[in-house]
Amino acid sequence: MRIHRRPNGIDLPFSSEITPQAVFEQRRRFIKTLGLGAIAGTSLWEMSQRAAHAQSGARLAAKLNPGYAVLDKQTSFKDATSYNNFYEFGTDKSDPAENAHTLKTRPWTVAIEGEVKKPQVLDLDALLKLAPLEERVYRLRCVEGWSMVIPWIGYSLSELIKKVEPNGNAKFVEFHSLADPKQMPGVRSAVLDWPYVEGLRLDEAMHPLALLTLGMYGQVLPNQNGAPVRLTVPWKYGFKSAKSIVKIRFTRDMPRTSWWLANPREYGFYSNVNPEVDHPRWSQASERRVGEDGFFAKKRKTLMFNGYAEVASLYSGMDLRKYY
Ligand code: MTE
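Residues numbered from 1 in each chain as written. Predicted model: local features only at pLDDT ≥ 70, side-chain atom pairs only at ≥ 80, totals over all residues. Heavy atoms only, no water.

A. The arrangement of the overall build of the chain in detail. Counting its regular elements, the chain contains eight helices and 13 strands. By residue count, 56% of the 324 residues in the chain fall in the buried class. Taking all contacts inside the chain whose residues are at least 6 apart in sequence as the whole, residues at least 24 apart take part in 74%. Here the chain has roughly 14,400 Å² of accessible surface; of this, 55% comes from carbon and sulfur atoms. (Helix = DSSP H or I, 4+ residues; strand = E, 2+ residues; numbered from the N terminus. Buried < 20%, exposed > 50% of the residue type's maximum accessible area, 1.4 Å probe, protein only. Contact = heavy atoms within 4.5 Å. Areas by Shrake-Rupley, 256 points an atom, 1.4 Å probe, with all protein chains shown as cover.)

B. Seen up close, the sheet that holds strand E6 (residues 172-177). Ordered in space as E3-E2-E11-E6-E7, the five strands form an open sheet in which the pairing is mixed. Because the sheet does not close on itself, it has two edges, and the strands there are strand E3 (120-123) and strand E7 (197-201). Across the sheet, the mean angle separating the axes of adjacent strands is 20 degrees when strand polarity is ignored. In the sheet, E6 pairs with E7 via five bridges, with the strands oriented antiparallel. Within the sheet, the bridge partner assigned to Val 173 lies in E7 and is Leu 200. Along the sheet face, helix H6 (residues 157-164) touches strand E2 (109-114), E3, E6, E7 and strand E11 (245-251) and points at about 140 degrees away from the line of E3. (Pairing = 2+ DSSP bridges. Axes fitted to C-alpha atoms, helices over the stretch in contact; angles between N-to-C directions.)

C. How the structure looks around empty space enclosed by the protein. Under the counting rule described, the total for this entry stands at four cavities of 30 Å³ or more. For the largest cavity, the calculated volume is near 360 Å³. Along the walls of the largest cavity sit 24 residues, with Asn 85, Trp 146, Arg 230, Gly 238 and Lys 243 positioned nearest its centre. It is strand E5 (residues 146-156) that provides the largest number of residues to the lining of the largest cavity, a total of four residues. (1 Å grid on protein atoms, 1.4 Å probe; cavity = no way out; pocket = protein on both sides within 12 Å on 5 of 7 lines; lining within 4 Å. Points joined across faces, edges and corners; volume = space filled by probe spheres on them.)

D. Expanded view of H6. Where H6 is concerned, the buried positions are Leu 157, Ser 158, Leu 160, Ile 161 and Val 164. Across the axial projection of H6, the buried residues extend over an arc of 160 degrees, all falling on one side. Where H6 ends, the next residue or the one after it, Glu 165, has phi of about 55 degrees, a positive value. (Arc of directions from axis to C-beta.)

E. A look at the site of the ligand. Near the ligand there are 16 residues, and of these Tyr 87, Glu 88, Arg 230, Ser 241 and Lys 243 occur at the shortest range. A distance of 2.7 Å separates an oxygen atom of the ligand from a polar atom in the side chain of Arg 230. Considered class by class, the residues forming the shell around the ligand number seven nonpolar, six polar and three charged. (Near = heavy atom within 4 Å. Polar contact = N/O pair within 3.5 Å; in protein donor to acceptor, adjacent residues only side chain to side chain. Nonpolar A, V, L, I, M, F, W, Y, C, P; charged D, E, K, R; others polar.)

F. Fine view of the pattern of salt bridges. By the definition in use, this model includes 15 salt bridges. Residue Arg 141 pairs with Glu 287 through a salt bridge whose shortest N-O separation is 3.1 Å. Remark: Glu 287 occurs in strand E12 (residues 286-289) and Arg 141 occurs in strand E4 (residues 134-141); sequence separation between them is 146 residues. Comparing Arg 141 with Glu 287, the two get one shared label, buried. (Salt bridge = Lys/Arg side-chain N within 4 Å of Asp/Glu carboxyl O.)

G. Looking closely at unusual backbone geometry. For the peptide bond that leads from Trp 194 to Pro 195, omega is -5 degrees, which places it in the cis range. Its place among the elements puts Pro 195 in the loop between E6 and E7. Along the chain, Ala 227 connects to Pro 228 via a cis peptide bond; the corresponding omega equals -5 degrees. In this fold, Pro 228 is placed in the loop between strand E9 (219-220) and strand E10 (230-232). In this model, Ser 271 sits at a positive phi of 50 degrees, which is unusual for a non-glycine residue. Turning to its location among the elements, Ser 271 is positioned in the loop between helix H8 (258-262) and E12. Of note in this structure, Phe 305 is not a glycine but carries a positive phi near 55 degrees. Inspection of the secondary structure puts Phe 305 in the segment after strand E13 (300-301). According to the relative accessible area criterion, Phe 305 is buried, its value standing at 6%.

H. Region of interest: the pairing of E4. The buried fraction of E4 is high, at seven of eight residues. Where strand E1 (residues 63-69) and E4 come together, three bridges link them in parallel fashion. Within E4, the residue paired with Ala 69 across the bridge is Val 137. Summarising the sheet, E4 and E5 pair through eight bridges and their orientation is antiparallel.

I. The arrangement of the confidence of the model for the chain in detail. Here the chain averages 88 in pLDDT, while 83% of its residues score no lower than 70. Low pLDDT, under 50, characterises residues 2-41; the stretch is placed with 65 contacts to residues that sit more than four places away or in other chains. (pLDDT = per-residue confidence, 0-100.)

This is how it looks when you write it as structure tokens:
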């Protein structure tokens, strides 16, 4: 989300395509041949899930949840993995795909702290087992004016929240991304106040749409998409969906999020997708769907809450111009 660049969502063509679709398909065929997808016994299945998460590009099985699947044409795997925002690996759209191979995603732990009755540290195996993995096809709309449609894999964040039992003081949830300059070259620059911190109100975090995400396109998350675990909050601008999460903190006070700290006038805490509230420097009324490029490609109208109208009751009585 480079603030001073491409303010109208007019982007450069993709410059790096490290995982061509052909390689992806070939990999899927190979894994299918191994028969991993057909293993029925729970423990073997679990083992394959765990093994999968040790290796980028490995298959991660999940059943499609049709209740959470938009019908829009899906963005190609190639586009979704070569056109990214992940400032820890650089500020150009192609930087994460080029640089994120240095991210070590095993072992990985997520510390859960703050206003909870059961603070704990969960490793990746515990996260994979916490609830059944589902495939959900969500639109994600970036504040810069582009969007994608991605088959994510994960489960509702509420599953994890219920497990740690927030206490009566918990009003907000903070998400901290890894910030390791040894693995993440972008963290050496002062482009943001590291670590990347995002946050939600507790009731937003409990909404079933908020997805704790461990994979996409039938495989573990590619590093550039926030491996091994990220958030996907489809009714909010993409920057609310923190990547490579290492800490989840329950708080009384509204989190001081990285983008809000960088520019509070431009990036409010709520950041719900709202075509009626422009970014101070550009309109949010329409968007470009990544992949629908070309001279004649028409922009799409941006929908309130990115089309996820079921979240509206979370904000009843709130002036969404004030709470942008
Ligand atoms: N999380 C971290 N840690 N660092 C980032 O720079 N960028 C955000 C969000 N999560 C970002 C992040 C932004 S601006 C967007 S639009 C989405 O990730 C992009 O997710 P994608 O690259 O998987 O499409």
